[in-house]
Amino acid sequence: MDFSLHARIRAGDPEAFREIFRDHAQIVYRHAVRTTGDWAAAQDVVSLTFLEAWRVREKLRDEGDTPRPWLMGISTNVLRNTARAARRHERALARLPVKEVVPDFADELIGRITDGEQLAAAQAVLAQLRRSEQEVFTLCVWSGLSYAEAAQALGVPVGTVRSRLARARSRLRKLAQQEIKKKRSDQKKTEPTRGSGQVRGGRTEAARLNKEQN
């Protein structure tokens, strides 16, 4: 196995870092978007991931044919830290007096509304899983890492990845079925009652309006 790239990264070769950024920045970004649901926050995660990778570059070991699991492990830690910081920020805001918030409807965000709603729905279900199950699911299913790569990224055995992913999928199926039943029940409650469709006094009102227009 040729580990020359790994050696160049450990040595702090700028060209080696440009290479791994070019090859892996998008998968880190997509993983961050799906985890946070925030495009701007995902960009920050990418920056922090590669800054941290540079800081701990000497810890990269000669294993695997790509540094992708190493980078995804770093991004997972960054996401954990940013999530904790976000929760602290939310608790601090909750202690402040409530003010009226005016939403920002920038034109460039209009095309993202549908995707954002779908992502929010997926996150709402994922949020009901344990954090360890969420991390394995997002790495293996959303980001396409193999069991071995996810195990390397999280620092756990491959068998642990398999069992966590199996539990996550099982729980997600049950939660999805419950959500479908709930939506169907809500739809039935909001369906209008069937009637003739005619409104009493409709002809008289239409004639009066026509007379006024004339």
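What comes next is a walk through the structure. (Residues numbered from 1 in each chain as written. Predicted model: local features only at pLDDT ≥ 70, side-chain atom pairs only at ≥ 80, totals over all residues. Heavy atoms only, no water.)

Here the structure, examined in full by the defined rule, presents 13 salt bridges. The shortest N-O distance in the salt bridge between Glu15 and Arg18 comes to 3.0 Å. Taken as a pair, Glu15 and Arg18 lie in helix α2 (residues 14–36) at a separation of three residues, close to a single helical turn. Residue classification places Glu15 among the partly exposed residues on the basis of a relative accessible area of 37%. Its salt-bridge partner being Glu149, residue Arg68 comes within 2.4 Å of it at the nearest N-O pair. With a gap of 81 residues between them, Arg68 in helix α4 (residues 68–94) and Glu149 in helix α7 (residues 147–154) connect regions that are remote in the sequence. (Salt bridge = Lys/Arg side-chain N within 4 Å of Asp/Glu carboxyl O. Helix = DSSP H or I, 4+ residues; strand = E, 2+ residues; numbered from the N terminus. Buried < 20%, exposed > 50% of the residue type's maximum accessible area, 1.4 Å probe, protein only.)

What follows covers helix α3 (residues 39–55). For α3, built from 17 residues, the straight-helix expectation of 24 Å at 1.5 Å per residue is met to within 8% by its first-to-last C-alpha distance of 25 Å. Listed as buried for α3 are Ala42, Val45, Val46, Thr49, Phe50 and Ala53. Within α3, the buried residues cover an arc of 120° as seen down the axis, which keeps them to one side. Summarising the geometry of α3, the exposed residues directed more than 90 degrees from the buried face are Leu51 and Arg55. (Expected span 1.5 Å × (residues − 1). Arc of directions from axis to C-beta.)

To continue, consider the packing of helix α6 (residues 131–142) against α7. Packed helix pairs are characterised by how far apart their axes lie and by the angle those axes make with each other. Where α6 meets α7, the axes come as close as 10 Å, and the angle between the chain directions of the two elements is 135°. On the basis of their axis angle, the class for α6 and α7 is oblique. As for the relative orientation of α6 and α7, their crossing is right-handed in sense. On α7, the residues that touch Glu135, Val136, Leu139 and Cys140 of α6 are Tyr147, Ala150, Ala153 and Leu154. Here the residues of the contact of α6 with α7 are counted per class, giving seven nonpolar, no polar and one charged. (Axes fitted to C-alpha atoms, helices over the stretch in contact; angles between N-to-C directions. Parallel < 35°, antiparallel > 145°, perpendicular 65-115°, else oblique. Left-handed = near helix turned anticlockwise from the far one by under 90°. Contact = heavy atoms within 4.5 Å. Nonpolar A, V, L, I, M, F, W, Y, C, P; charged D, E, K, R; others polar.)

So, about the environment of Leu129. Tracing the backbone shows Leu129 in the loop between α5 (113–126) and α6. Apart from residues lying up to four places away in sequence, Leu129 is in contact with Gln134, Ala168, Arg171, Leu172 and Leu175.

It is at 8 Å that the axes of α2 and α3 come closest, and there the two elements cross at 140°. Between α2 and α3, the crossing angle belongs to the class labelled oblique. In the crossing of α2 with α3, the sense of the turn from one axis to the other is right-handed. Along the contact surface, α2 presents Phe17, Ile20, Phe21, His24, Ala25, Val28, Tyr29, Ala32, Val33 and Thr36, while α3 presents Trp39, Ala41, Ala42, Gln43, Val45, Val46, Thr49, Phe50, Ala53 and Trp54. Among the residues forming the contact of α2 with α3, the class breakdown is 16 nonpolar, four polar and no charged.

Counting 41 residues, the largest nonpolar core has Ile9, Ile20, Phe50, Trp70 and Met72 as its most contacted members. Elements that contribute at least two residues to this core include exactly α1 (4–10), α2, α3, α4, α5, α6, α7 and α8 (158–190). Ranked by residue count, the leading element in this core is α2, at nine residues. In this structure Trp70 touches Ile9, Ala53, Val56, Arg57, Leu60 and Gln152, once residues within four positions along its chain are discounted. (Core = buried A, V, L, I, M, F, W, Y, C linked by side-chain atoms within 4.5 Å.)

If you trace the backbone, Arg80 turns up in helix α4. Here the alpha-carbon distance between Arg80 and Arg131, two residues 51 residues apart in the chain, equals 9.4 Å. Excluding residues within four positions of it along the chain, Arg80 makes contact with Arg131, Glu135 and Leu154. Among the polar contacts listed, one links the side chain of Arg80 to the side chain of Glu135, at a separation of 2.7 Å. (Polar contact = N/O pair within 3.5 Å; in protein donor to acceptor, adjacent residues only side chain to side chain.)

Counted according to the given criterion, the structure contains three aromatic pairs. Considering the side-chain rings of Phe21 and Phe50, the 4.8 Å spacing of their centres and the 65° angle between planes classify their relative orientation as edge-to-face. One end of the pair, Phe21, is in helix α2; the other, Phe50, is in helix α3, with 29 residues separating them in the sequence. Its relative accessible area of 42% is what places Phe21 among the partly exposed residues. Overall, Phe50 belongs to the buried group, its relative accessible area being 9%. Ring plane angle 70° and centroid distance 6.0 Å describe the contact between Phe137 and Trp142, whose orientation is recorded as edge-to-face. Its guanidinium or amino end placed over the ring of Trp54, Arg57 lies 4.2 Å from that ring's centre, counting from NZ or CZ. (Phe/Tyr/Trp six-rings, centres within 6.5 Å; stacked < 30°, edge-to-face > 60°. Lys NZ or Arg CZ within 6 Å of the ring centre and 35° of its normal.)

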